[in-house]
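What follows is each chain in one-letter form.
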There are 4 protein chains.
Amino acid sequence: MSDAPFSVYDYEARAKLTLPHDFWEFIEAGAMDESTTRRNRSAFEAIKLRPRFLRDVENRKLSTTVLGTEISFPVMVSPAGGHKIAHPDGELATAKGAGMSNTLMMLSTSSHYPMEEVVEAGTGPKWFQLYHRGYEITEMLVHRAEEAGFKAIVLTVDTPVPSPKERDVHNHYKNPFPLGNFLATGEELTAMSGTDEAPDWRPALVPPLTWKELEWLQGLTSLPLVLKGIRTAEDAHVAVESGVNGILVSTHGGRQIDQTMGAIEMLPEIVEASKGQAEVYLDSGVRRGSDVLKALALGARAVSVGRPLYWGLAVNGAEGVHGMLEVLRRELDHDLAACGQTSVEELEPNLVSVPAGWGPGQMYP
Amino acid sequence: MSDAPFSVYDYEARAKLTLPHDFWEFIEAGAMDESTTRRNRSAFEAIKLRPRFLRDVENRKLSTTVLGTEISFPVMVSPAGGHKIAHPDGELATAKGAGMSNTLMMLSTSSHYPMEEVVEAGTGPKWFQLYHRGYEITEMLVHRAEEAGFKAIVLTVDTPVPSPKERDVHNHYKNPFPLGNFLATGEELTAMSGTDEAPDWRPALVPPLTWKELEWLQGLTSLPLVLKGIRTAEDAHVAVESGVNGILVSTHGGRQIDQTMGAIEMLPEIVEASKGQAEVYLDSGVRRGSDVLKALALGARAVSVGRPLYWGLAVNGAEGVHGMLEVLRRELDHDLAACGQTSVEELEPNLVSVPAGWGPGQMYP
Amino acid sequence: MSDAPFSVYDYEARAKLTLPHDFWEFIEAGAMDESTTRRNRSAFEAIKLRPRFLRDVENRKLSTTVLGTEISFPVMVSPAGGHKIAHPDGELATAKGAGMSNTLMMLSTSSHYPMEEVVEAGTGPKWFQLYHRGYEITEMLVHRAEEAGFKAIVLTVDTPVPSPKERDVHNHYKNPFPLGNFLATGEELTAMSGTDEAPDWRPALVPPLTWKELEWLQGLTSLPLVLKGIRTAEDAHVAVESGVNGILVSTHGGRQIDQTMGAIEMLPEIVEASKGQAEVYLDSGVRRGSDVLKALALGARAVSVGRPLYWGLAVNGAEGVHGMLEVLRRELDHDLAACGQTSVEELEPNLVSVPAGWGPGQMYP
Amino acid sequence: MSDAPFSVYDYEARAKLTLPHDFWEFIEAGAMDESTTRRNRSAFEAIKLRPRFLRDVENRKLSTTVLGTEISFPVMVSPAGGHKIAHPDGELATAKGAGMSNTLMMLSTSSHYPMEEVVEAGTGPKWFQLYHRGYEITEMLVHRAEEAGFKAIVLTVDTPVPSPKERDVHNHYKNPFPLGNFLATGEELTAMSGTDEAPDWRPALVPPLTWKELEWLQGLTSLPLVLKGIRTAEDAHVAVESGVNGILVSTHGGRQIDQTMGAIEMLPEIVEASKGQAEVYLDSGVRRGSDVLKALALGARAVSVGRPLYWGLAVNGAEGVHGMLEVLRRELDHDLAACGQTSVEELEPNLVSVPAGWGPGQMYP
């Protein structure tokens, strides 16, 4: 495999050579000054591994479950809107690639292909990411998702208002393809296209999503519910009290709300607050197997990757997504063994060291 | 609005293309090594937002009051000398732009237009910034300000001696226009021109301004009094004991006294020391709506912007000032919603996290 | 000696001009993002010396013992595979150079010359570095090492799986010479060549090395045993309980397992955990006499150098290795005197200051 | 004075244009990696001023005394060897410039002009810096210094062995002029020339300087004694117990012993240890009036400057030295007023804030 991309960064470098400039920038961009996008990485770098040796690590268990569904390793595909910009087969290819890696894909409300076709395209389990844009639309989406076989609803909570990405603004970027889940109901397209990846900023036109809507949503479906975007112990506490099944700690890749901490910095306080009553996942900044291991050591059950899926798609469609995931599997497997661990579900206490001053105690005053 | 400046930094970039080199440098420059100018920014960057979600944030209240005067959002215009270098209409345009945004403008003693004309030019409320340069001049200025309808006196305290800006020294920069408030009394011009923006350094030629003069000043007018430039809890404590109505925490944009902390770093100790007996404001380094939110979360009632007003003027006169302010309003409104807040007057405790080691405890020994 | 290399960095600069590109990169490379390789240096830089003066430092004792064997100064040669890439005489030259400096050389299992020839080539003491790759091979190697006169076995513990170096992967790098210790048994060559410096990653094909194998190994030979690569207090604790004679704290030059702390950062907790029951050494990042002094002040008995031996070889074979070692001796001798110390075995308490937050207390939570 | 150098950095920039490359490098260089030279600056930058306002600061007292001798402001000239490399008049010009600024000059044992001529050349007070190189030489030098009117002996303690500056080594730099104090006794020249600025490293050839020699030296002269180069509280403690009159905290500009903390970082622990029984001064890294103020606020009685004297000399001989000193006086005077202080001898407590973790508590373990 000598000349294949060897790391996720290799995929990034090749994708940059392939993608049209504005699509590339749309994928890379973060909100405003992109400080959170950068901090997602620097925060991971600040955490250090503490490997243990002289153990039998021949047999390593990478598989785990998320909400009871088995995945072959604890790296999933984040929900991200509109995969056609990276490859004509869009989400169909992503689903196929994730399936080849036997892991879970979260499909965005803003996908370019309809959810039903995406479910057909790939063999792996799927969760449906939901943007709540009114009771009727949500009801329609959730029922379709349930019917189509999605195993959970991932409700994005961090877009009460859309965040402009200034690179997109300067590029006059517009989503170039219609949204697959609304092809039959064209009148919804406009309302959706501007939600989390809007090229120009505008006030939200949709009814607010609050803890009350959450209750309503829980009554609407028997599917388990994951909240995506929670960034504080306080919200995590309310979430588990509300009976939420999972929390996906995320900065939305730094694409929503700049100037927050990196996702991995928020993880410890959220894990502590959720007290085992909900599974905790993480995305934003995962680029190496060691990032996966760090997140797991700090209490995440699994992580997911966003921008890398576009890079995989751009390099080689479904094969690229699969290849990118296999890079992470190989690295995680390596790091697990290198650190004397044999199961992603039973990691050593003190496997990582974090900088002095991190954690719940750092708030002011 | 696609090609209009989208951020305050866009205004800066355009202004740089427009302004003559020496004027540009005069505006950008800080005292000596400009370390405080830089630290104003890095200190803001070090503070991180902790957003809360799943709340109804449809109705957001950005308006607030400063000393009882309503402003449409908590961003005001800092007093800054001589606006004609950025636009021929100078302070008249600034006043008009601030008025269009329904916010307050602080007018500098060193303005290029007379205070009476500035008051006429704009519809928003105004405070008069005072450099004390002797009893007679101060009396003249304060009485004129009172008569002209200014609503408060903002006494600058951080210029007991003028600070050279070395870029100006190397450019042989001289204020190119006469000072508007002294057109009738030409003999004062020299004494004033060198105060806080003097191109060449010289000892102050004016009687000292002390807590005693403050008392005298309070007897001179019924207008409320704001102290601009306070940088320590110790001085804030004396100020509130002296019956001051407001404190504008400021590093003078790093243009007076290099090597202090950033303004936002000083804010917490000053808020604590003022114990609600005086309103606390902040300027120096505010470039984003998130900066406004951070300052408010740490106890400021409102902030103001200095250099950005010149950038707005240079880009498009009154419209540019207005546009720049509207950028900040849009960003603050966004960040407020994005963080689950609905009123600038009632922010969440723990809305921000600050680096370990910040705050009153960091002094030596 | 004016134009001779004056510092270890001078050796590095000259070696770079001399070595073929892919050999140079093989030597310089670290695992994955090479973050640990960099951190080995930044961690040393963060430690500061606290020199004491006005003492008689005329007579300085640099010599010390390691496991009872005298060395002329506490800098040894790390085990590193395959020296022929830097000089045709390979390990023979290294052994000669180390002998000229009267210090100890550790010989890698993966050497290009057979261990018996290397022992003959140099006058200094030698330890044999062992990669455990199965009971039979280990038995063969240990017995040969014992017979050949090696004074200890240095068992590498940090390669339960090989770590890819991505520079090597992109260079399609392959070890260009056969492994000397297996010339008679050619069938082992493949298994060995990929161990710690494998150009392409592959799962380990060898039986696991665990604390049980350690016990077996201790029964196999009367030579003292050093564990190389221990990175935590926890493992150090088990090691001394297991009767190990020495611990070589090492990050493998950052070539195995990226994202750990720098070696010098791990040293204090390991010294503390070993409680004088085992000697503690350090490699990874030593480039200056001051690094040696810092490591000794934090509890190491001696250090060793890896990459610099290749630089010395590339510059001038045995003479180059000797010259590089003499640079370190001269610098250590200088720093010892400059800091008021007269013996490497009796250093001042508080001779170094380390950054706040270092040490055992920094782990999370 | 528009085109005259306005800051010490302006002097540096001009000197660089004027001086021959090797002389420039000799002046700029630090020992080994020059990390201490850089840290001298970064440590000053990390300290922040906390200015107080609304005080009468019209009358400011910059003058102070050092060991009872009045100087017009608390900035002195550090002893530095061989001024002829910057100007033909060498130390004669320096003495004249220092005298014009009414401050004290410390003259190096390694001066290019004899001490008697230097005393004649300038009107200000002088201290004689002593390198102890044997009883006879020291006796000769001290007696001559006493006779010539020097007011104190500044004994350098931080050169038990000379430190190579690698820039000088690579430049084959040799001190190009004979040492003035040994013109009559030419045979001493060689022994002296290699002491603290040796272009090539060699072991010290002189008898050791210890606390015992200090006692002998105290018996040799009635002049007060200052120790230059003390870097720890421990040595400061012994020094004051030994009856030393002053301590000059110094890193030798980073030219002796790399890898120590910056001078200003060491100051607090030394001030604390000396408990008012000896005056404490500081050099190394002073480039701004604010540096002076910071050092004074942390307990120094005065500071001195080394490299800047060469820059002044290179720009304009005696006038340049004087001008450079006047820059510092103007800046110190400004900062004093700007911070609400009126006397260098009575500074505000809490005038500076230092980073968390500084100070005596930061040592390991």
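Higher on the page you've got the structure.
Residues numbered from 1 in each chain as written. Chains lettered and ligands numbered in written order. Predicted model: local features only at pLDDT ≥ 70, side-chain atom pairs only at ≥ 80, totals over all residues. Heavy atoms only, no water.

### Things to note about the relation of the copies chain A and chain C
Two copies of the chain are present, and they differ by a rotation about an axis and a shift along that axis. For the pair chain A and chain C, the superposition axis carries a translation of 0.0 Å, the fit reaches an RMSD of 0.0 Å, and the rotation angle comes to 90 degrees. Those values place the two copies in the arrangement expected of a four-fold rotation axis. (Least-squares fit on C-alpha atoms with pLDDT ≥ 70 in both.)

### A few points about the packing of aromatic side chains
Scanning all chains against the criterion turns up 20 aromatic pairs over all chains. Plain terms: the ring middles of Trp127(D) and Tyr281(D) are 5.6 Å apart, the flat faces sit at 55 degrees to each other, and that makes the pair tilted. With Trp127(D) in strand 6 (residues 126-130) and Tyr281(D) in strand 10 (residues 279-282), this residue pair connects regions lying 154 residues apart in the sequence. Residue Tyr281(D) is classed as buried on the basis of its relative accessible area of 0%. Of the aromatic side chains, those joined through ring pairs into one cluster are Phe23(A), Phe26(A) and Tyr173(A). Across the ring face of Phe73(A), the terminal group of Arg329(A) is positioned such that the distance to the ring centre comes to 4.2 Å. (Phe/Tyr/Trp six-rings, centres within 6.5 Å; stacked < 30°, edge-to-face > 60°. Helix = DSSP H or I, 4+ residues; strand = E, 2+ residues; numbered from the N terminus. Buried < 20%, exposed > 50% of the residue type's maximum accessible area, 1.4 Å probe, protein only. Lys NZ or Arg CZ within 6 Å of the ring centre and 35° of its normal.)

### Quick notes on the interface of chain A and chain C
Facing 38 residues of chain A, the contacting portion of chain C comprises 40 residues. Summing both sides of the interface, chain A and chain C together bury roughly 3,600 Å²; the carbon and sulfur share of this comes to 59%. The interface formed by chain A and chain C holds five salt bridges in total. In this assembly, chain A and chain C are joined by 13 residue pairs in polar contact (both at pLDDT 80 or more). Of all elements in the fold, only helix 1 (8-18), strand 1 (48-49), helix 12 (289-297), helix 13 (307-338) and strand 12 (352-353) of chain A reach the threshold of two or more residues within the side of chain A that touches chain C. (Contact = heavy atoms within 4.5 Å. Buried area = accessible area lost by both parts, 1.4 Å probe. Salt bridge = Lys/Arg side-chain N within 4 Å of Asp/Glu carboxyl O. Polar contact = N/O pair within 3.5 Å; in protein donor to acceptor, adjacent residues only side chain to side chain.)

### Re the arrangement of the chains
Taking C-alpha atoms as the reference, chain B and chain C come no closer than 12 Å and do not contact one another. Structurally, chain A and chain D remain out of contact, their C-alpha atoms never closer than 11 Å.

### Section: the side chain of Ser343(A)
Mapping Ser343(A) onto the fold places it in the loop between helix 13 and strand 12. Not counting residues within four places of it along the chain, the set of residues in contact with Ser343(A) comprises Lys61(A) and Leu336(A).

### Let's talk about the interface of chain C and chain D
Listed as interface residues are 39 residues of chain C and, on the opposing side, 40 residues of chain D. In total, about 3,600 Å² of surface goes out of reach between chain C and chain D, with carbon and sulfur atoms giving 59% of it. There are five salt bridges connecting chain C and chain D. We note a salt bridge from Glu234(D) to Arg50(C), for which the minimum N-O separation is 2.9 Å. Taken together, chain C and chain D are joined by 13 residue pairs in polar contact (both at pLDDT 80 or more). Within the residue set of the side of chain C that touches chain D, elements represented by two or more residues are helix 1 (8-18), strand 1 (48-49), helix 12 (289-297), helix 13 (307-338) and strand 12 (352-353) of chain C.

### Describing helix 11 (residues 263-274) of chain D
Residues and elements named next belong to chain D. For helix 11, with 12 residues, the first-to-last C-alpha span of 16 Å sits near the 16 Å given by 1.5 Å per residue. Across the 12 residues that make up helix 11, a large majority, 10, are buried. Turning to helix 11, its buried residues are Ala263, Ile264, Glu265, Met266, Leu267, Pro268, Glu269, Ile270, Ala273 and Ser274. The inward-facing, buried residues of helix 11 abut helix 3 (35-46), helix 10 (233-241), strand 9 (246-249), strand 10 and helix 12 (289-297). Following helix 11 by one or two positions, Lys275 adopts a phi angle in the positive range, close to 45 degrees. (Expected span 1.5 Å × (residues − 1).)

### Examining the pattern of salt bridges
Applying the stated criterion across every chain yields a total of 88 salt bridges over all chains. Between Asp33(A) and Arg288(B) there is a salt bridge; the shortest N-O distance is 2.8 Å. With Asp33(A) in the loop between helix 2 (21-28) and helix 3 (35-46) and Arg288(B) in the loop between strand 10 (279-282) and helix 12 (289-297), this residue pair bridges two chains. Comparing Asp33(A) with Arg288(B), the two get one shared label, buried. Bridged by salt links that share partners, the residues Asp33(A), Glu166(A), Arg288(B), Arg330(B) and Glu331(B) form one connected network.

### Notes on unusual backbone geometry
A positive phi angle, near 50 degrees, is found at Asn102(B), a position not held by glycine. Relative to the assigned elements, Asn102(B) resides in the loop between helix 4 (90-100) and strand 5 (105-107). Its identity as a non-glycine residue notwithstanding, Asn350(C) has a phi of 60 degrees, on the positive side. By the element assignment, Asn350(C) lies in the loop between helix 13 and strand 12. Residue class for Asn350(C) comes out partly exposed when judged on its relative accessible area of 32%.

### Some thoughts on the pairing of strand 10 (residues 279-282) of chain A
Two faces, one strand: in a regular strand the side chains alternate between the faces of the sheet. Residue and element names in this part refer to chain A. The two faces of strand 10 match: Glu279 and Tyr281 on one face and Val280 and Leu282 on the other face are all buried. Relative to strand 10, strand 9 (residues 246-249) runs parallel, the two sharing four bridges. Its bridge partner being in strand 10, Leu248 is matched across the sheet by Tyr281. The pairing of strand 10 with strand 11 (residues 302-305) spans two bridges and is parallel. The residue bridging Leu282 from the neighbouring strand is Val303, located in strand 11. (Pairing = 2+ DSSP bridges.)

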